[in-house]
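A structural walkthrough
Below are the chains, spelled out letter by letter.
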Amino acid sequence: MGTNEADDGDDRFDHLTRALGAVLDPSLDVIDAMDRVVDAVVRFTSATEAGIVLADADGTLHVIASTSERSSDVEEAQLGAGQGSGIDCHRSGTTVDVPDATSHEAVWPTFVRTMRERGLVGTFAEPIRLRAATIGSLCVFADHGRGHDDRDVVLLQLLADAASAALARQRGTGSLRTLDEQVEDAIEARVTVEQAKGALAHRRGVRIDEAFQLIRRAGQGAGRGIREVAEDIVRRGADLRL
């Protein structure tokens, strides 16, 4: 179950206000804004994992953010197989809510198998829209089959809208003027972060997930972006030791 920062009820909405404000910071890279969205998903809903996929200029979906290697594995599996909640959500432009993914095993065999192998049961996907177009999906996974209550669904819709709003806001203030440029930039940043996670895990002798959390914390503590910290690791051999 997600580790909700607030107790329950309306408190979640109160705490979410700050998280939404952080997502909409126009100084953030796309990868940082999307990372804050998926982090808020697991903090404020019953989700266990979350990720974001966005479409490039050719309509091909790419993983832009994920809460862990487990969610990244599931997201990559659905993109590779062309099946899963995020794929269906992007294609249809509508919410996909499947509390027990085994109910869709006939149509999502690879996706469901990967979820099962990673200890995940339920999935939910909310479209990320820009004007009339669906440009990606907020993909949510749970290690339980209880589904999401109405408050969860409202919060997930708000966070998907926040992802879209962050993209629009950054285009108005940054050097990347089109959505395609933003997605391409985020893909490049993601590659650097993945390289940095592997390098840092090796240097520090830690798991990949722990390496990512070290990168996150280092950026937050110094007011730097994930990409900037990752570049230090990849290009300058930083290991983030104090």
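Here, every reference points to the structure presented above.
All of the points below concern the structure found in this document.

The rules behind the values
- Residues numbered from 1 in each chain as written.
- Predicted model: local features only at pLDDT ≥ 70, side-chain atom pairs only at ≥ 80, totals over all residues.
- Heavy atoms only, no water.
- Helix = DSSP H or I, 4+ residues; strand = E, 2+ residues; numbered from the N terminus.
- Rg over C-alpha atoms; globule rule 2.2 N^0.38 Å.
- Buried < 20%, exposed > 50% of the residue type's maximum accessible area, 1.4 Å probe, protein only.
- Contact = heavy atoms within 4.5 Å.
- Areas by Shrake-Rupley, 256 points an atom, 1.4 Å probe, with all protein chains shown as cover.
- Lys, Arg positive; Asp, Glu negative; His and termini not counted.
- Charge placed at Lys NZ, Arg CZ, Asp CG, Glu CD.
- Salt bridge = Lys/Arg side-chain N within 4 Å of Asp/Glu carboxyl O.
- Patch = residues over 30% accessible without salt bridge, like charges linked within 9 Å, V, L, I, M, F, W, Y side chains within 5 Å.
- Pairing = 2+ DSSP bridges.
- Axes fitted to C-alpha atoms, helices over the stretch in contact; angles between N-to-C directions.
- Disulfide = S-S within 2.5 Å.

1. Side note on the overall build of the chain
Helix and strand content of the chain: nine helices and five strands. Against the compact-globule benchmark of 18 Å for 242 residues, the chain has a radius of gyration of 17 Å, which places it among compact chains. Out of the 242 residues in the chain, the part that is buried amounts to 51%. At a minimum sequence separation of 6, the contacts of the chain that also span at least 24 residues come to 63%. Of the roughly 10,700 Å² of accessible surface on the chain, a fraction of 47% belongs to carbon and sulfur atoms. For the chain, the distance from the average site of its 28 positive side-chain charges to the average site of its 41 negative ones is 4 Å.

2. A look at helix H9 (residues 226-236)
Residues of H9 that are buried: Ile226, Arg227, Val229, Ala230, Glu231, Asp232 and Ile233. For H9, the elements touching its buried residues are helix H2 (30-44), helix H7 (179-204) and helix H8 (208-222).

3. Looking at the pattern of salt bridges
The tally for this structure, following the rule as stated, stands at 17 salt bridges. In this structure, Asp73 engages Arg118 in a salt bridge whose closest nitrogen and oxygen atoms are separated by 3.0 Å. Remark: Arg118 occurs in the loop between helix H5 (109-117) and strand E4 (122-130) and Asp73 occurs in helix H3 (residues 69-81); sequence separation between them is 45 residues. You can call Asp73 partly exposed: its relative accessible area is 30%. A relative accessible area of 29% places Arg118 in the partly exposed class.

4. Examining unusual backbone geometry
Phi is positive for Arg131, close to 55°, though the residue is something other than glycine. Here Arg131 is to be found in the loop between E4 and strand E5 (133-142). Owing to a relative accessible area of 77%, Arg131 belongs among the exposed residues under this scheme.

5. Observations concerning a negative patch on the surface
On the surface, a cluster of negative charge is contributed by Asp58, Asp180, Glu181, Glu184 and Glu188. As for its position among the elements, Asp180 is in helix H7.

6. Some details on the sheet that holds E4
Overall, antiparallel pairing links the five strands, which are arranged E2-E1-E5-E4-E3 in an open sheet. On the outer flanks of this sheet lie strand E2 (61-66) and strand E3 (96-98), each paired with one strand and no other. Across the sheet, the mean angle from the axis of one strand to that of its neighbour is 20°, orientation sign disregarded. With five bridges joining them, strand E1 (residues 49-55) and E2 adopt antiparallel strand pairing. Residue pairing for E2: Ile52 is matched across the bridge by Ala65.

7. Notes on the environment of Gly51
Relative to the assigned elements, Gly51 resides in strand E1. Given a relative accessible area of 0%, Gly51 falls into the buried group. Discounting residues that sit within four places of it in the chain, Gly51 has contacts with Val38, Ala65, Ser66, Glu75, Ser137, Leu138 and Cys139.

8. Let's talk about the pairing of E2
Counting buried positions over the six residues of E2 gives five, a clear majority of the element. Linking E1 to E2, which pair antiparallel, is a turn of five residues; within it Gly59 sits at a positive phi near 85°.

9. A short note on the state of the cysteines
Here a disulfide denotes a covalent bond joining the sulfur atom of one cysteine to the sulfur atom of another. For the structure shown, the criterion picks out zero disulfides. For Cys89, which is in no disulfide, the shortest distance to another cysteine sulfur is to Cys139 and amounts to 7.2 Å. Assessed through its relative accessible area of 0%, Cys139 is described here as buried.

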